[in-house]
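# Architecture and fold: a report
The lines below spell out each chain.
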Amino acid sequence: MKRLFALFMARNKEYYRDKSSLIWSFVMPPLIIGLVALAFNNGGQKLFKVGVLDSETAVTLFDPAFTRFVPVTELDYGQQRIAHHQLDLLVDQTTQQYWLNPSSEKGRVLEALIAQKGNWQRQEISGQAVRYVDWVVPGILGMNLMFSGLWGIGYVIVRYRKNGVLKRLQATPVHPVEFIGAQIASRMIIMLMVSSIVYLSCDLFLDFLMLGSYWDLLLIAILGNLSVLSLGLLVAARSASEEFANGLLNFVSFPMLMVSEVWFSLDGAPAWLNAIANLSPLTHMVKAARAVMVDGASLGQVSDHLAALVLITTLLIGLSAWLFRWQEK
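Within each chain, residue numbers correspond to sequence positions counted from 1 in written order. Restriction of local features to residues with pLDDT of at least 70 applies here, the model being predicted, together with a cutoff of 80 or more for giving and counting side-chain atom pairs; totals for whole chains, interfaces and linings are based on all residues. Derived side-chain values reflect all non-hydrogen atoms in the structure, with water molecules and hydrogen atoms excluded from consideration.

### What about the sheet that holds strand S2 (residues 67–71)?
Heads up, the condition is: Note on pairing: two strands pair once DSSP finds at least 2 bridges between them. Under the DSSP-based scheme used, a helix requires at least four consecutive residues in state H or I and a strand at least two consecutive residues in state E, with every element numbered from the N terminus. What counts as an axis is a line fitted to C-alpha atoms, over the stretch in contact for a helix, and the angles between N-to-C directions run from 0 to 180 degrees. By definition in these notes, contact holds between two residues if any of their heavy atoms fall within 4.5 Å.
Reading across the sheet, the 5 strands line up as S2-S1-S3-S4-S5 and stay open at both edges, with mixed pairing between neighbours. Bordering the open sheet on either side are S2 and strand S5 (121–124), each of which pairs with just one other strand. Pairs of neighbouring strands in the sheet enclose a mean axial angle of 25 degrees, with direction left out of account. Bridge analysis of strand S3 (residues 89–92) against strand S4 (residues 97–100) gives 3 bridges, and the strand direction is antiparallel. What sits directly across from Asp92, in S4, is Gln97. Contacts from helix H5 (residues 75–83) reach strand S1 (48–52), S3 and S4, with the element oriented near 155 degrees to S3. Sitting on the sheet, helix H6 (residues 105–114) is in contact with S1, S3, S4 and S5, with an inclination near 160 degrees to S4.

Written out as structure tokens, the structure reads:
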């Protein structure tokens, strides 16, 4: 236990002495959040966004040149998005029903248009509007955890191996489990503290929407962070070249960034792309956090994402332990 604590404290000091890591962790996330808030302060694009429960015939209701059609498979999900102004209108051609939020201006415009298409039944769904900055904050925080976890574990361990630090530790009574445990614990605590500070400081100015439990959000952050750290461990298990590790980490991180709904939703994306996205731990972390913050979901309602994070973490840690070597062989 003393060895574990000593390694833990040494890793913490190394982090705080690295000025570039501190700048990235504390400056970049608030800067990105602020720029997003300013860029989308005017409500974003003006095109209509219509959820459809019957995608084959809904295209005949509105002009496709001005309307984006989003297939919706579950009525509850579509109604939830109407409540948060994430859809302007939800239509069901089969039952001749449509749902709208009465406080949505674009929804009322579409209602006037659909009234000319026949005898439709009106349903109202009320709820608080979700700004883009509210929607994107879980993604930005998840992105920060991903980059810090991958490079804070994967790149650092490769550097240790290249510089001979791991070779010297191998000659001590330190067990690999103690070494890896100290690295994970150090990075976990640091990143949770950094993310909390970033969130609270930005919330003072932007007043993020938070409908769920902060304890649920903390659990999601812990499980998500563990899954990302385990991915970093897998990359570093045998790599001895910093250049190779850096390239491999970029190769892993940027596709995850693109398909994990950090910046934009995958509504309407091909099924194969959604299947690939579900392989990413960042996807499940961001979706679970967003559901808690924006929709007020409970842990039970995001249990599928939590189970996926636990499964991914278990598989990656098992592979990392099997592949890990103190020295290049």
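That covers the picture; the talk isn't over yet.
### Regarding helix H7 (residues 132–163)
Our working rule: Helix span is expected to be 1.5 Å times the residue number reduced by one. We call a residue buried when its accessible area falls under 20% of the maximum for its residue type, exposed when it is over 50%, and partly exposed in between, using a 1.4 Å probe and counting protein chains only.
In a regular helix each residue adds 1.5 Å, so 32 residues correspond to 46 Å; H7 covers 45 Å between its end C-alpha atoms and thus fits that length. Most of H7 sits inside the fold, with 26 of its 32 residues counted as buried.

### Structural notes on the nonpolar core
We apply this condition: For our purposes a nonpolar core is just a set of buried Ala, Val, Leu, Ile, Met, Phe, Trp, Tyr and Cys residues, chained together by side-chain atoms within 4.5 Å.
If you look at the biggest cluster of nonpolar residues, it comprises 44 residues, and the most contacted ones within it are Val137, Met146, Tyr199, Ile220, Leu282 and Val302. Those elements that place two or more of their residues in this core are H7, helix H9 (176–206), helix H10 (214–236), helix H11 (242–259), helix H13 (281–295) and helix H14 (303–323). A per-element tally of this core places H7 first, with 11 residues. Excluding residues that lie within four positions of it along the chain, Leu282 makes contacts with Gly142, Met143, Met146, Met256, Leu257, Ser260 and Val262.

### Describing the UniProt feature "transmembrane region" (unreviewed entry) in the protein chain
As a reminder of what qualifies: UniProt positions are given in the numbering used here, feature names are shortened, and annotations may be inferred rather than shown by experiment.
Per the UniProt record, "transmembrane region" (unreviewed entry) is found at residues 21–40, 135–158, 189–211, 217–236, 248–266 and 306–324. Annotated as residues 217–236, this span is 100% helix and 0% strand, and its ends, taken at the C-alpha atoms, are 28 Å apart. A distance of 26 Å separates the end C-alpha atoms of residues 306–324, which is 95% helix and 0% strand.

### Some words on the environment of Phe147
Of note, Phe147 is situated in helix H7. Counting along the chain gives 102 residues from Phe147 to Leu249, while the straight-line C-alpha distance between them is 9.0 Å.

### What about the side chain of Gln97?
Note the threshold: Nitrogen and oxygen atoms within 3.5 Å of one another constitute a polar contact, given that in protein one can donate a hydrogen and the other can accept it, and given that sequence-neighbouring residues count only through two side-chain atoms.
Within the element layout of this structure, Gln97 appears in strand S4. Classification of Gln97 by relative accessible area gives buried; the value is 17%. Of note is the side chain of Gln97, whose polar atom sits 3.1 Å from the side chain of Thr95. Here Gln97 is in contact with Leu90, Val91, Asp92, Trp120, Gln121 and Gln123, once residues within four sequence places are set aside.

### Focus on the packing of aromatic side chains
Let me state the cut-off plainly: Ring pairs shown here join Phe, Tyr and Trp side chains whose ring centres sit within 6.5 Å, with only the six-membered ring taken for Trp; geometry is labelled stacked below 30 degrees between planes, edge-to-face above 60, and tilted in between.
In total, this model carries 1 aromatic pair according to the counting rule given. Note on Tyr199 and Tyr214: the rings are 6.3 Å apart at their centroids and 75 degrees apart in plane angle, and the pair reads as edge-to-face. Taken together, the positions of Tyr199 in helix H9 and Tyr214 in helix H10 put the pair 15 residues apart, joining distant regions of the chain. With relative accessibility at 7%, the residue Tyr199 sits in the buried group. Here Tyr214 falls in the partly exposed class, since its relative accessible area comes to 47%.

### Comments concerning the packing of H7 against H13
Packed helices, taken two at a time, are described by their axes: the angle between them and the distance between them. For clarity, the cut-off: Each crossing gets its handedness from the near helix: less than a right angle anticlockwise from the far helix is left-handed, clockwise is right-handed.
Relative orientation of the contacting elements H7 and H13 amounts to 145 degrees, with a least axis distance of 9 Å. Like other packed secondary-structure pairs, H7 and H13 cross with a definite hand, here right-handed. Across from Asp134, Trp135, Val136, Val137, Pro138, Gly139, Gly142, Met143, Leu145 and Met146 in H7, the residues of H13 making contact are Leu282, Met285, Val286, Ala289, Arg290, Met293 and Val294.

### Focus on the pairing of S1
Burial analysis of S1 places 5 of its 5 residues in the buried class, which makes it a mostly covered element. The side-chain alternation of S1 yields two buried faces, one formed by Phe48, Val50 and Val52 and the other by Lys49 and Gly51. With 5 bridges joining them, S1 and S2 adopt parallel strand pairing. Opposite Gly51, over in S2, you have Val70 as the bridge partner. The sheet contact formed by S1 and S3 spans 3 bridges and is parallel. Each residue of the ladder has a partner; that of Val50, found in S3, is Leu89.

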